[in-house]
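Examination of the molecular architecture
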Amino acid sequence: MRRRLFGTLCGLAFLMNFGRTVFAPLLEPLTVAFGTDQATIGVLVSLAWLGTAIPRIPMGYILTHIPRYQAVLATGAILAGSSAVIAFAQSLITLQLGTLLLGVASGAYFVAAIPLIPELYPNAVGRTVGIHGTATQLAAVLAPTIVVGILLISSWRMVFVVLVVSAVIFSIVLATVVHGSRIADEAVPDHAFLSAVRAHWRLIATGLLMVGATGFLWQGLFNFYVVYLTTSKGVSTTTANFLLTVVFAAGLPAFWFGGRLADRLPIIPYILAILTGFVISVGALTYAGRLVALIIISVSIGYSIYSLFPALDTYFLNSLPDESRGVAYATFTGLSLLVEANGTAAVGLLTNAGYQFNVVFLALASLVGCVVLVLAGLYLTDRLPGTHRKSH
C-alpha cells in the first residue's frame, strides 16, 4: 500500500512539474492562437512560477487544519480544474488566470506531499525524496518532446486536455489508495503554525543560508544560460539550447543517486561538498571556451545543483518532528523562493548596467563560496541544528 501511494505521488509530481514547464515549447502556438506578441505570452511562464511561490506559506497554515493527504488531493483537483480553464480559454485573461492557478496547484502540492513522504518511509527519506524528485525532473526533460508529439496530431489545447485527464485519474487513484489504507485513520493536522515556526526558526534559517544564495545564483544562471553562452562563449543558439538540456538532464541521476547518498553520508558535510562543487563548476564555466569543456561543466552544474535539493530536503525533514514537519517545511520553501526568485532580475539588471556575465556569475559564485565557509565554521563549532529525528 505504501508503494502504491508513493507511486501515485510520483505520478502527481510529474504532472505538476509538467504543467509548470509545458509553456516554453508552447509560446509560439499560443502567440498565434491569441493574436498577441511573444512578450505578452512570455508572461505566462512568470505567472506559472509566481503561482508556485504564492501558496507555500499559506499551505503551511492550512496543514494545521487538515491532514497532508487531503491537501494533496485538493492540489490534484486544482491542477485538473486549472488545466481545463486553459484548455478551453477563449481570452488572454482566462489563459493567464488558468496558468496562475496551475502554478498554485504545483506549489501547494510540493509543500503538502514532500513532508508526507517521511511518514511512508521514515528510514529512507533521502532515497524516496530523490525518487520523487526524479519524477519531477523527468517532466522537465520530457515536456518539449511530449508537446511536439501532441502538436503533430492535434492543437495546443490537447496538451492541457491530456493534463486534465491525467490529473483526474491520479487523484482518483490516490483517493482510492488512501481509502483502502490506514493513512486516513492515522493522519492528523500539523500543530499550531506560529509555535512550529518559533520552535524551528534556527533550522529554517540554516536551510535559507544553505539554499538562498545558491538558488539566487542558479535562477540567474539557468534563465540566462542560452543568452550567456551565445554572447559570451560564441556558440550557436542550437548548441546553447542543447547545453541547457544537458544541465536539466543531469538532474535525473542527481535526484536518483543524490537522495540515496543523503541517507548514507553525514548530511552536513555532504551538503557542503555539493555546494563547493557547484561553486567550482560555475567558476570553471566563466573560463571555459571549448565545446567539450562546456558540455562537461554543464553536466557538473546540473548534477551538483539538483543533488542539493534531495540532500537539503533529507536534512530538513529528518531534523523535524512529525507534528510540525509540514508547517516548517512550507515556511522554509516559501521564504527560500522569495529570495531565489530575485536572481534572474538581479542578473538582468547587472548585465544591463554594463557588467559582463562572467563578472556577475563569478561574483555570485564567490558569495556562495563565502556562505559555504560560514556553514563549515558553524558545523565545526557544533552550532548547526541537529539531524536527529524527534519522536512523538
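Keep in mind that what you see is a predicted model, and the values were worked out from it rather than measured.

The next subject is helix α5 (residues 68–87). Think of an α-helix as 3.6 residues a turn; residues three or four steps apart then line up on the same face. Helix length check: α5 (20 residues) gives 29 Å between terminal C-alpha atoms against 28 Å at 1.5 Å per residue, within 8%. Listing the buried residues of α5 in full gives Arg68, Tyr69, Ala71, Val72, Thr75, Gly76, Leu79, Ala80, Ser82, Ser83, Ile86 and Ala87.

What follows is about unusual backbone geometry. Located in the positive-phi region is Asp382, a residue other than glycine, with phi close to 60°. Its place among the elements puts Asp382 in the segment after α20 (357–380). Here Asp382 falls in the exposed class, since its relative accessible area comes to 67%.

The biggest cluster of nonpolar side chains holds 123 residues, and the ones touching the most others in it are Phe18, Leu30, Val72, Tyr109, Phe160, Tyr225 and Ile271. Setting aside its immediate chain neighbours within four residues, Phe18 contacts Ala139, Ala143, Ile146, Val147, Val159 and Leu163.

Parts of the prediction with low pLDDT should not have their coordinates interpreted in detail. For the chain, per-residue confidence averages 88 on the pLDDT scale, and 94% of positions sit at 70 or higher. Model confidence for the chain, summarised as mean pLDDT per element, is weakest for helix α10 (residues 183–186) at 54 and strongest for helix α16 (residues 267–287) at 96. The model gives residues 387–392 a pLDDT under 50, and that stretch makes 17 contacts with residues more than four places away or in other chains.

Turning our attention to the packing of helix α12 (residues 201–223) against helix α19 (residues 342–352). Angle between the axes and distance between the axes are the two parameters that describe a pair of packed helices. Where α12 meets α19, the closest approach of the two axes is 7 Å, and the angle between their N-to-C directions is 60°. Here α19 runs oblique to α12, going by the angle between their axes. The handedness of the crossing between α12 and α19 comes out as right-handed. In this structure, α12 uses Phe216, Gln219, Gly220 and Asn223 to contact α19, whose residues at the interface are Asn342, Gly343, Thr344, Ala346 and Val347.

Following the criterion strictly, the structure yields one salt bridge and no others. Residue Arg68 pairs with Glu119 through a salt bridge whose shortest N-O separation is 2.4 Å. Pair noted here: Arg68 is in helix α5 and Glu119 is in helix α7 (residues 117–120), with a separation of 51 residues, a long-range link.

Working definition: an aromatic ring pair is given by the centre-to-centre distance plus the angle between the planes. The final tally for this structure, using the stated rule, is 19 aromatic pairs. Aromatic pair Phe14 and Phe18: ring centres 6.3 Å apart, planes at 10°, arrangement stacked. With Phe14 and Phe18 both in helix α1 (residues 2–21) and four residues apart, the pair spans about one turn of that helix. The same class applies to Phe14 as to Phe18, namely buried. Taken together, Trp218, Phe222, Phe248, Phe255, Tyr306 and Phe309 form an aromatic cluster joined through their ring pairs. A cation sits over an aromatic face here: Arg260 above Trp256, 4.3 Å from the ring centre.

The rules we used
Residues numbered from 1 in each chain as written. Predicted model: local features only at pLDDT ≥ 70, side-chain atom pairs only at ≥ 80, totals over all residues. Heavy atoms only, no water. Helix = DSSP H or I, 4+ residues; strand = E, 2+ residues; numbered from the N terminus. Expected span 1.5 Å × (residues − 1). Buried < 20%, exposed > 50% of the residue type's maximum accessible area, 1.4 Å probe, protein only. Core = buried A, V, L, I, M, F, W, Y, C linked by side-chain atoms within 4.5 Å. Contact = heavy atoms within 4.5 Å. pLDDT = per-residue confidence, 0-100. Axes fitted to C-alpha atoms, helices over the stretch in contact; angles between N-to-C directions. Parallel < 35°, antiparallel > 145°, perpendicular 65-115°, else oblique. Left-handed = near helix turned anticlockwise from the far one by under 90°. Salt bridge = Lys/Arg side-chain N within 4 Å of Asp/Glu carboxyl O. Phe/Tyr/Trp six-rings, centres within 6.5 Å; stacked < 30°, edge-to-face > 60°. Lys NZ or Arg CZ within 6 Å of the ring centre and 35° of its normal.

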